[in-house]
Amino acid sequence: MSLIIVAIAILILILLISWAKVNAFLAFLIVCLLAGVALQLPAQTIISSIEKGMGDILGSLVIIIALGAMLGKQVAASGAAQQIAQTLVQTFGKKYIAWALTLTGFVVGIPLFYGVGFVLMVPLIFSVTFRYQLPAVATGLPLLAALSVTHGFLPPHPSPSALVALFHANMGITLLFGLIIAIPAVIIAGPIFSHTLKNINATPLKAFQIELIPTEKLPGVFVSFFVPLIPVILIGLSTLIQTFSNNTQWLYQLSAFVGNPSVALLIALITATFLLTSPNRESMKMVMNRYSDAVKDVVMILLIIGGAGALKEILTQSGVSNQIAHALEGTSIHPLILGWLIAALIRVCVGSSTVAGLTTAGILLPYINANGVNSNLMVLSIGAGSLFFSHVNDPGFWMFKEYFNVSIKNTFKSWSVMETIVSVLGLIGVLLIQLFV
C-alpha cells in the first residue's frame, strides 16, 4: 500500500506542475502534506520532516549555489566565459565541442561534488551555446553526464567513499574499476545520446545570456581558464593532501578548510572580482549589484530544490525505502544485480542517490559478507543503481530543468534518460568485470 501511495503522490506532483501549472515549490509542499497524511505519519512528524528535508539539502547547497551563481555571472560578464568557449572551439573544432565538454566534465567531476561542478560548469556550457548557436541541451548534457558518473561511481564523492568503508573495499581498486566502467558510460550517455536531443528547444536563464565582447577586449586565455578552475584546484589538492597526510597535521587541517567547497568558491569569487575586470572598468558597486542580480536568478531554484528535499525526507521517514529493500532481500537474484536493483528502486522513490546507496549498503551488508561477493564491484553496482531514473523527487532533475529552462517532458527525455543510461551501463560494466576477477 505504501508503494501505491508513493506512486500516487509522484503522479499528483507531476499533474500539479505540468497540467495545473502550480508553482513547483508550492506543488512540493502540497504533495509533502498529502503524502505524509496518507502514509500515516503524525502531524508533527510531517511538519518537522518538511523542515528537516529542506534544511538538510539547502544547508549544503545554498552557499554553493549562491556563490556559484555570482562566480558564473562574473565569468560571463567579464568575457572570460567567451574566451574559454572560443579557445575550446579553436582547439577541438565546433564539430567536436561536445567531446571537449565531456572531457572537461570528467576531469572536473573527479574532485568536485556534483552540485559545485554543476553551478561552475553551466556558465561554460551556455557561453559555448550562445557564442556558436548550438543547442543548449545537446551540447551541455555530455558534460553533466560526466559529472553524474563521477558523483555516483568514483571516490572521493560521498556515497562511493562511504560504501568503500562499509564494505571494507579497496579504495584504489574501486577507483580503477570505476574509471574502466565510467569512461564508456560517459561516452554513450554523453556525446552519443545527446545527438538525439538536438531538436529540444531550450532557453537558458537570462543571467547567462550576454552580449559578445570584441576579441581584443577579452581577458587572457590563462586567467580565463584559471579563475573558474580555482575551486577545482583547491578541492583536488585538498583531497590529495588529506589522502596522504595525518589528520593531526597542520597541513591536513589547512587543506580541509581551504578545500571545503564553500570556502573554495568564495576564494574563486574574490579572485574573479579583482582579476576578471569588465572591459568597461566598472566600479566595485556595479560588480556587487551584478552579484545581487545573480542571486535573484537562482532563488526559485533554491526553493524547488528545498521542496524536493522535503519530499525525500517524508518518504524516508515513512520507511518506504526499507519496505522495498526487505521485500527483495530474500530473492535468488545475483548479489550484484540485487544491490543495483534495490538502490535503483530506493532512488526512484526517495530521489537522493546518496540515501539510496547508503540505505542499500546497510541492508545488504550481512548478506554480502555471507556470500563472499567482490566488495569493490558491489560498491560500483550500488553506485550505478543509485543514479537510476532521476525524476521529480530529485533536486538534480530540477536544477537541470530550471537552469536550462526546459519543459518537464523534455527534462524526462534528456536528463532522466541520460541518468538511466549511465545507471544501466554501470551495471553491465560491473557484470563484465566480474567475469575476469
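Conventions used here
Residues numbered from 1 in each chain as written. Predicted model: local features only at pLDDT ≥ 70, side-chain atom pairs only at ≥ 80, totals over all residues. Heavy atoms only, no water. Helix = DSSP H or I, 4+ residues; strand = E, 2+ residues; numbered from the N terminus. Buried < 20%, exposed > 50% of the residue type's maximum accessible area, 1.4 Å probe, protein only. Polar contact = N/O pair within 3.5 Å; in protein donor to acceptor, adjacent residues only side chain to side chain. Contact = heavy atoms within 4.5 Å. Core = buried A, V, L, I, M, F, W, Y, C linked by side-chain atoms within 4.5 Å. Salt bridge = Lys/Arg side-chain N within 4 Å of Asp/Glu carboxyl O.

1. Looking at the environment of Asp293
Link 1 in the chain: Secondary-structure assignment places Asp293 in helix 13 (residues 284-318).
Link 2 in the chain: Residues Asp293 and Ala69, spaced 224 residues apart in sequence, show a C-alpha to C-alpha distance of 9.3 Å.

2. Points about the side chain of Thr150
Link 1 in the chain: Locating Thr150 in the fold gives a position in helix 7 (residues 136-153).
Link 2 in the chain: Residue Thr150 is classed as buried on the basis of its relative accessible area, which comes to 0%.
Link 3 in the chain: Within the local environment of Thr150, its side chain forms a polar contact with the backbone oxygen of Gly109, the two atoms lying 3.2 Å apart.
Link 4 in the chain: Among all residues touching Thr150, those that are not within four sequence positions of it are Phe106, Gly109, Ile110 and His157.

3. As for the nonpolar core
Generally speaking, soluble globular proteins have nonpolar side chains that are buried together.
Link 1 in the chain: If you look at the biggest cluster of nonpolar residues, it comprises 140 residues, and the most contacted ones within it are Ile65, Leu71, Leu144, Phe153, Trp398, Tyr403 and Phe404.
Link 2 in the chain: When neighbours within four sequence positions are excluded, Phe153 is seen to be in contact with Pro160, Gly178, Ile181, Ala182, Leu380, Gly383, Ala384, Leu387, Val422 and Gly426.

4. What about unusual backbone geometry?
Link 1 in the chain: One non-glycine residue, Phe389, lies in the positive phi region at around 40 degrees.
Link 2 in the chain: Position of Phe389 relative to the elements: it lies in the loop between helix 17 (375-385) and helix 18 (395-404).
Link 3 in the chain: Positive phi, normally seen in glycine, also occurs at Asn405, with a value near 55 degrees.
Link 4 in the chain: Position of Asn405 relative to the elements: it lies in the loop between helix 18 and helix 19 (408-434).

5. Concerning the pattern of salt bridges
Oppositely charged side chains may form a pair once their charged atoms are brought near each other.
Link 1 in the chain: Inspection of the entire model under this criterion finds 6 salt bridges.
Link 2 in the chain: Across the pair Lys52 and Asp56 runs a salt bridge, and its minimum N-O distance is 2.7 Å. With Lys52 and Asp56 both in helix 3 (residues 43-77) and 4 residues apart, the pair spans about one turn of that helix.
Link 3 in the chain: Taking the relative accessible area as the measure of exposure, Lys52 reaches 41% and is therefore partly exposed.
Link 4 in the chain: A relative accessible area of 39% means that Asp56 is categorised as partly exposed.
Link 5 in the chain: We note a salt bridge from Glu402 to Lys401, for which the minimum N-O separation is 3.4 Å.
Link 6 in the chain: For Lys401, a relative accessible area of 13% translates into the label buried.

6. Some thoughts on the environment of Ala136
Link 1 in the chain: On the secondary structure map, Ala136 appears in helix 7.
Link 2 in the chain: Taking the C-alpha atoms as reference points, Ala136 and Leu197, separated by 61 residues in sequence, lie 9.6 Å from one another.
Link 3 in the chain: When residues no more than four places from it in sequence are discounted, the contact partners of Ala136 are Ile125, Thr129, Ala202, Pro204 and Phe404.

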